[in-house]
Amino acid sequence: MRNSKHASLLELTIGQKIMSIILHLVMLMMVLYCIVPLVWLVMSTTKTNEGLYSSPGLWFADDNVFLQNIVNTFSFQNGIYGRWLWNTLMYAVVAGLGSTLFATFAGYAIATMDFIGRKWLLATTLAFMSIPSSVITVPLYLLYSQIGLVGTPLAVIIPQLSNAFGLYLMIIYAQTSIPIPLIEAARLDGANSWTIFWRIAFPLLSPGFVTVLLFSLVGVWNNYFLPLIMLSDTKDYPLTVGLNVWLKMTSDSAQLSVPNNLILTGSFIAVIPLIIAFVFLQKFWQSGLSAGSVKM
Amino acid sequence: MNRPQSAFHRITTAALTSVLMLSVGACGNSTSAGNASSGMDIKLSDIEHALTSDNDVNLTMWASSYEYLKQSVQAFEEKYPHIHIDFVNPGSQSDMMIKFQNAVTAKKGIPDILQFGYDSYPQFAVSGSLLNFKSEEIEKAWASKYSPSTWQAVHVGQGLYGLPQDQAPIAMYSRKDILQEHGLEIPKTWDEFYETGKKLHEADPSKYMGFIDVTDSKAWSTFYRQASAPLWKVENTSEISLSTDSAQARKVTAFLQKCLDDGVLKGVSNATDEFMRDINAGKYVTWIDENWRGGLIEKSYPSLAGKYTVTLPPAWGDDPQSVKTASGGSMLALSAAIPQEKAAAALAFMDWLNTSEESIEAFQNSNGFFFMASSKFQQEAAKKKTIDEFFGQDANSVYFESANKVNADWSYLPFLSQLNTYFTDVIAPALSDDGDLEDAINAFQPKVEDFAQKQGFTVNK
Amino acid sequence: MFKVHSLHHDNRKQYSKDKKQNIGIIYCLPYIVVFMLGMIIPMIYSIYLGFFQTRMIGGSTFVGLDNYIQAFSDHQLWDGFRRVLAYFVIQVPVCLMLALLAALMLDSGRIKHLAVPRILLFLPYAVPSVIAALMWGYICGQQYGLVGQMLNIFSIPSPDLLSGQIVLFVIANIATWTFMGYNMLIYYSALRVIPIELYESARVDGASELRIAWSIKIPQIKGAIVMTVVFSVIGALQLFNEPNTLKAISPETITSYYTPNMYTYNLAFAGQNINYAAAASIVIGVITMILVAIVKIAGDKWEQK
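This one's a predicted model, so the numbers in the text were calculated from it and none came from an experiment.

A. Representation of the overall build of chain C. Each helix and strand counted, chain C has 14 helices and two strands in total. Expressed along its principal axes, the backbone C-alpha trace of chain C runs to roughly 80 × 75 × 30 Å. Expressed as a percentage of contacts within chain C between residues at least 6 apart in sequence, the contacts between residues at least 24 apart total 68%.

B. Main features of the sheet that holds strand 9 (residues 232-236) of chain B. Residues and elements named next belong to chain B. Taken together, the three strands give an open sheet; going across it, the order is 9-10-16, and neighbouring strands pair in mixed fashion. What marks the edges here is a single partner per strand, and that holds for strand 9 and strand 16 (458-460). Ignoring which end each strand starts from, the neighbouring axes of this sheet average 25° apart. The pairing of strand 9 with strand 10 (residues 239-242) spans four bridges and is classified as antiparallel. Among the inter-strand pairings, V234 is bridged to a residue of strand 10, identified as I240.

C. Geometry of the packing of helix 4 (residues 80-112) of chain A against helix 2 (residues 23-49) of chain C. It is at 8 Å that the axes of helix 4 of chain A and helix 2 of chain C come closest, and there the two elements cross at 140°. Between helix 4 of chain A and helix 2 of chain C, the angle falls in the class oblique. Between helix 4 of chain A and helix 2 of chain C lies a crossing whose hand is left-handed. Together, A:F102, A:A103, A:F105, A:A106, A:Y108 and A:A109 of helix 4 of chain A and C:G24, C:Y27, C:C28, C:P30, C:Y31 and C:V34 of helix 2 of chain C make up the contact between the two elements.

D. Looking closely at the UniProt feature "transmembrane region" (unreviewed entry) in chain A. All names here are of chain A. Under the present numbering, the feature "transmembrane region" (unreviewed entry) in UniProt falls on residues 21-43, 84-108, 120-144, 164-184, 196-221 and 262-281. The distance separating the terminal C-alpha atoms of residues 164-184 is 28 Å; by composition the span is 90% helix and 0% strand. Between the C-alpha atoms that bound residues 196-221 the distance is 33 Å, and the span itself is 100% helix and 0% strand.

E. Structural view of the interface of chain A and chain C. Between chain A and chain C, the residue contacts involve 78 residues of the former and 83 residues of the latter. A total of 14 residues in the side of chain A that touches chain C trace back to one element, the largest contributor, which is helix 1 (residues 2-44) of chain A. Grouping the constituent residues of the side of chain A that touches chain C by class yields 56 nonpolar, 18 polar and four charged.

F. Representation of the UniProt feature "transmembrane region" (unreviewed entry) in chain C within the structure. All names here are of chain C. Here, UniProt's "transmembrane region" (unreviewed entry) annotation points to residues 21-48, 84-107, 119-139, 166-188, 221-240 and 274-295. Annotated as residues 84-107, this span is 100% helix and 0% strand, and its ends, taken at the C-alpha atoms, are 33 Å apart. Between the end C-alpha atoms of residues 166-188 there is a gap of 32 Å, over a span that is 96% helix and 0% strand.

G. Spotlight on unusual backbone geometry. At A:Q77, a position not held by glycine, the phi torsion is positive, near 50°. Its place among the elements puts A:Q77 in the loop between helix 3 (66-75) and helix 4. Look at A:Q77 and you get partly exposed, because 18 C-beta atoms sit within 10 Å. A positive phi angle, close to 45°, is found at C:H113, a residue other than glycine. Assignment of secondary structure puts C:H113 in the loop between helix 4 (75-107) and helix 5 (115-122).

H. Structural view of the sheet that holds strand 1 (residues 57-62) of chain B. All names here are of chain B. Taking strand neighbours across the sheet as the criterion, the five strands line up as 2-1-3-15-6 in an open arrangement whose pairing is mixed. Only two strands of the sheet have a single neighbouring strand rather than two, namely strand 2 (83-88) and strand 6 (162-164). Geometrically, the sheet is characterised by an average inter-axis angle of 25° between neighbouring strands, direction not taken into account. Relative to strand 2, strand 1 runs parallel, the two being bridged by six bridges. Counterpart to T60 in the pairing with strand 2 is D86. Seen against the sheet, helix 14 (residues 340-355) touches strand 1, strand 2, strand 3 (113-117), strand 6 and strand 15 (330-334) and runs at an angle of roughly 55° to strand 1.

I. Spatial organisation of the confidence of the model for chain A. Residue and element names in this part refer to chain A. Overall, the predicted model of chain A reaches an average pLDDT of 83, with 89% of residues at or above 70. No element of chain A has a lower mean pLDDT than helix 14 (residues 282-295), at 65, and none a higher one than helix 4, at 94. Note that pLDDT drops below 50 for residues 1-10; the model gives that stretch zero contacts with residues more than four away or on any other chain.

J. Here's a closer look at the nonpolar core. Counting 311 residues, the largest nonpolar core has A:A106, B:A346, B:F349, C:Y31, C:A103, C:Y187 and C:A280 as its most contacted members. Sequence-distant contacts of C:Y187, defined by excluding residues within four places in its chain, comprise C:A99, C:L100, C:A103, C:I221 and C:A224.

K. The arrangement of the packing of helix 4 of chain C against helix 11 (residues 222-238) of chain C in detail. Residue and element names in this part refer to chain C. As a packed pair, helix 4 and helix 11 sit with axes 10 Å apart at the nearest point and diverge in direction by 145°. The crossing of helix 4 and helix 11 is right-handed. When helix 4 is examined against helix 11, the residues V84, Y87, F88, V92 and L96 are found in contact with a partner set consisting of T228, V229, S232, A236 and L237. Its residues placed into classes, the contact of helix 4 with helix 11 shows eight nonpolar, two polar and no charged.

Each value, and the rule that gives it
- Residues numbered from 1 in each chain as written.
- Chains lettered and ligands numbered in written order.
- Predicted model: local features only at pLDDT ≥ 70, side-chain atom pairs only at ≥ 80, totals over all residues.
- Helix = DSSP H or I, 4+ residues; strand = E, 2+ residues; numbered from the N terminus.
- Contact = placed C-beta atoms within 7 Å.
- Pairing = 2+ DSSP bridges.
- Axes fitted to C-alpha atoms, helices over the stretch in contact; angles between N-to-C directions.
- Parallel < 35°, antiparallel > 145°, perpendicular 65-115°, else oblique.
- Left-handed = near helix turned anticlockwise from the far one by under 90°.
- UniProt positions renumbered as here; feature names shortened; annotations may be inferred.
- Nonpolar A, V, L, I, M, F, W, Y, C, P; charged D, E, K, R; others polar.
- Buried ≥ 20, exposed ≤ 12 C-beta atoms within 10 Å, placed from the backbone.
- pLDDT = per-residue confidence, 0-100.
- Core = buried A, V, L, I, M, F, W, Y, C linked by C-beta atoms within 7 Å.

Okay, here's the thing in structure tokens:
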């Protein structure tokens, strides 16, 4: 009896060990799949334009010109890259923060109050949540040009302030995290609605707020189609469109050719801020996702 | 209880009404933009006067060659402070075309002056978005200021739509080191090109004599232009002829098919990382392209210095002297929406920018290989013999020779972007895979015809 | 769309029913304004534009339903839909299964330094699709790409991944790369909130991790799975950035009507056919809504099983 139990335990540990090794190997392969392209990008930022074509993709070239590339990227064409980075930050902050705030206000109201048009708003939001935004980009352009918004940053910001999916998430989040009796009690104590929202509801909603904020930041940061169509001056471009202009310029006779190493360094810098935001705000958005997924 | 959503109801009604009103405004008078503009009467004396008057004028200009032009524009503003240029960089040429089209459709934010490729402005000329400023007087005074082929290239039908800025004659860049390795010579005719290429590919199957760029129709159609086998002709602003199946054109098609089949040419996109590496490795031994490409090769592959030779492209037929070439380049056009009082100042500015001594100098400073269309520049530069270090020869003299041999009997269809769409959809696959080129071209012509007819053109075959 | 029923019924209990709180409208107002300006009005305008036809020569005329009828019989539009469907069949199962596998592995508690793979798998989501397509374009390059270099070591001729039908797999791969970590996190978050008692006893009884995952964990996160499938339907029908970027590399393979979105874009901006593009956009939008509804209904049935 003893022996056999001992043996089975031992077997189990061996089995577990093998299992564990397999698990880690599979995980390692998945991680490699996800980061190899990024490693290529990082390696490319250390190379000269010619080094790109004469060295292995996943290793360094003979001379490392990383700092020089960063400096050149920011100084090329009188520092247009810095403008693009600034524009991207501005669009992302204004549209991302704005759309998340609007969704939070509305989500809070729909989850905790009954008011005229509530059902109507809910139904339209749900119905339009699945409409791809690119479907309306062309009409959006024509419409905005009529009211003189095209060519201004507003044309990029306003459409992205509307975030039906963000509203949906906030409704669910508010329903799960705000106890109605708490609000009723505060109201009986004579607190006005605005105070209740900021003092009681908003702190409860903050993980959901951060989650929706981060995902809308990514949406705005990575948007290409809308700014491409809406903006006419390269000075107003965000990074995605700007980098693509550089990419096209390499094969366009009318333009200065942009060395590929600068395009790649520019792409690398464009990815950094979002990665930093995600890594540092991990705690918030992960708890936001968990709470949201109860209902999802 | 019947109207619980009254707030919403009112908002939607108001919004709907305003939308409908806006769009009625948008479509109500759009027929006026339908036809090519009949022209505005601008006198030479007005143009001259615009430079000396002290009326303030603000002009907006969009140009993809922003970096090359800005020095000259600045010099102009310093010299004539009453004319202010709001100079915008609209990105690449294809992006600018989309934006200009959008602005015209919206009738808002239309620039006064635009820079176009010779092949890309005609679609805006025929739709009436660009100003036709032709007059006896202007033709007489200005035609001689530009090289003949570029002056011809700013006309569509009988209209004059712009002033030539630069010219980009084609040349052939050959890796002579690789040819020598295999005991081969730089070909002077297309038949030699084929024979040389066949030997090369047999000796080293990883190498091709040349390639056909499949990103747009330019490289492909250049073969037909060189062979004097026009694929189409623009008769006037509302009538075109298609001849992709003419006997001459089919001869060129058959030749291309032979080259593709025997590994002499390969259809490939020239805008990729892979392609750039292939060039570095010498996969394609020749590169036939407009002359600015020489500068790009020099910048991108410093280590290939001394390995390239620049010559004229091969000739059709047996006589290398009879070679005909092609040319690209760009021009400045005026928007049809420009107010009459601004048009004279705009033309004065364009004329100065493209032909004045100061401007030519500024151009050359900002970019050593900008090949201007102005005859003054061409005469002066042709006298200068400069040895290009990268090529170890006087590359400019080749470019001038090519510029003089441009086949001017060629017109650009007034719907370049759609033409390129059909090209990449239908012809490009046959160029890069094992498709049949003639079949592809036979499928291509009806599409072009259908599109042109739907856009209101008369199409002859 | 998700849990529509719960939003309509269950939560009635939650908000105070006794009196209308019309101040709620004030809270919704900013959202309503941008929703109108960013979605509803452009949709209506688009429908309106679809009733006209504009020619380069001849101007604009009213054509009634012609554009809409033409769109329904446009074989290029349907070609795009078919391709997107094929893409969906290839990409979605692979991406979601990999994501589920990764989430279950992380949740099993057997992986060391859990936070490291969790964030690394998620990183690609932060990469703009334009840049992602650029990177994968390199990796898949026939001769100099990683795939080519690796096969060359074994003297296997490298396939040209960027031309022919195979390029659809490359696009599917880019999307999988980008969204695997994102879906993984949604699953992982859902797994974290399953009460541990549900599988503790199974574990004590000696059930394997695999068995627990299959019989206990996955049924618990059906809702999250349905949600990711719905997202994937929308994502597939929106497909634009990846093929449009790869078109620069492989113009001969990726046609102007490769996906429905690319088709409308090219109609509007290369073909200067704004009116037909608007009508086609509406058709795409309606089809998307129908497909999402079907997936959602099927998903709800599966969830309730």
